[in-house]
Amino acid sequence: LLPSNPQGVFEWEGYLGVYVQDRPRIHFAESPDSWESFPLDMVYDIPVREYGPIEAAVEIASRDARQSRVLCLGKSWGVFIDGSPKAPQANTLGGGIGASSSRCLVVEKGVAYAYNGTLWGITGDGQIEDIGLPILDLLPDPDKTRLSISSALSSLFVIDEDSGLALRYHFARREWFVED
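Here is what the cut-offs are and how they apply
Residues numbered from 1 in each chain as written. Predicted model: local features only at pLDDT ≥ 70, side-chain atom pairs only at ≥ 80, totals over all residues. Heavy atoms only, no water. Pairing = 2+ DSSP bridges. Helix = DSSP H or I, 4+ residues; strand = E, 2+ residues; numbered from the N terminus. Axes fitted to C-alpha atoms, helices over the stretch in contact; angles between N-to-C directions. Core = buried A, V, L, I, M, F, W, Y, C linked by side-chain atoms within 4.5 Å. Buried < 20%, exposed > 50% of the residue type's maximum accessible area, 1.4 Å probe, protein only. Contact = heavy atoms within 4.5 Å. Salt bridge = Lys/Arg side-chain N within 4 Å of Asp/Glu carboxyl O. Disulfide = S-S within 2.5 Å.

The strand order across the open sheet formed by four strands is β5-β6-β7-β8, and the pairing between neighbours is antiparallel. On the outer flanks of this sheet lie β5 (56–61) and β8 (87–95), each paired with one strand and no other. Each strand axis lies, on average, 25° off the axis of its neighbour in the sheet, ignoring direction. Pairing analysis gives six bridges linking β5 to strand β6 (residues 68–73), with the strands arranged antiparallel. Considered in β6, the bridge of Ala 57 is made with Cys 72.

Take the nonpolar core next. In terms of nonpolar packing, the biggest core is built from 29 residues, with Leu 71, Tyr 113, Leu 119, Ile 122, Leu 147, Leu 156 and Trp 176 touching the most fellow members. Among the secondary structure elements, those contributing two or more residues to this core are β5, β6, β9 (105–108), β10 (111–115), β11 (119–123), β14 (155–160) and β15 (166–170). Counting residues per element, this core draws most heavily on β10, which supplies five residues. Residue contacts for Tyr 113: discarding those within four places in its chain leaves Cys 104, Leu 105, Val 106, Glu 108, Trp 120, Gly 121, Ile 131, Leu 147, Ile 149, Leu 156 and Phe 171. Residues Tyr 15, Ala 57, Val 70 and Cys 72 belong to the second largest nonpolar core, which totals 16 residues.

Pairing is antiparallel across the open sheet formed by four strands, whose spatial order is β13-β14-β15-β16. A single partner strand is all that each edge strand has here, and the edge strands are β13 (145–150) and β16 (175–179). For this sheet the average axis-to-axis angle between neighbouring strands, irrespective of direction, equals 20°. In this sheet, β16 lies alongside β15 in antiparallel orientation, the contact comprising five bridges. In the sheet register, Arg 168 faces β16, and the bridge partner there is Phe 177.

The next subject is the pattern of salt bridges. Counted under the stated rule, the structure contains nine salt bridges. A salt bridge links Arg 23 to Asp 22; the shortest N-O distance between them is 4.0 Å. Residue Arg 23 is classed as partly exposed on the basis of its relative accessible area of 35%. Across the salt bridge formed by Glu 161 and Arg 103, the nearest N and O atoms sit 1.9 Å from each other. Note that Glu 161 is positioned in the loop between β14 and β15 and Arg 103 in the loop between β8 and β9, a separation of 58 residues in sequence. The class for Arg 103 is partly exposed, based on a relative accessible area of 43%. Bridged by salt links that share partners, the residues Arg 103, Arg 146 and Glu 161 form one connected network.

Turning to the state of the cysteines, a few remarks are in order. Enumeration over the complete set of coordinates arrives at zero disulfides. Its sulfur unpaired, Cys 72 is 16 Å from the next cysteine sulfur, which belongs to Cys 104.

Right, dumping it as structure tokens:
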């Protein structure tokens, strides 16, 4: 059984996870080597108090080196999913944290960066920081934004897709620059 309204996909411990458009629900594949079957007993409804579907999801490292976790974000909520695809457990990050789309979530060296009008840095052990505060007045409309990582420049880019303006955050120096 395939989900009828997929919004996006991620991989967790070799399992394919498909999240849907209308609610915070994930359909996991039957097994790591079977990406075509999504049985009903592998469907997980995330218990969140906030409204809205999953906008973006990614696997990141947890504080336990033997296990990873999934970061699932709605527009204004965030959840870590721990355990495994066969026995997932949600741990909420609370309201406000989120991503406006899958284009607004990237990962670099174990830190997820998400944007929903506020630019969040989220580590696998649950530390969360608003890294966009120094440039709050320059941040673009979240619906017209994408994030990108340049490993060569050791930087995160917040790109306004309408104007082409790019804001660059240098990881090591923790400084912001405006790029044209």
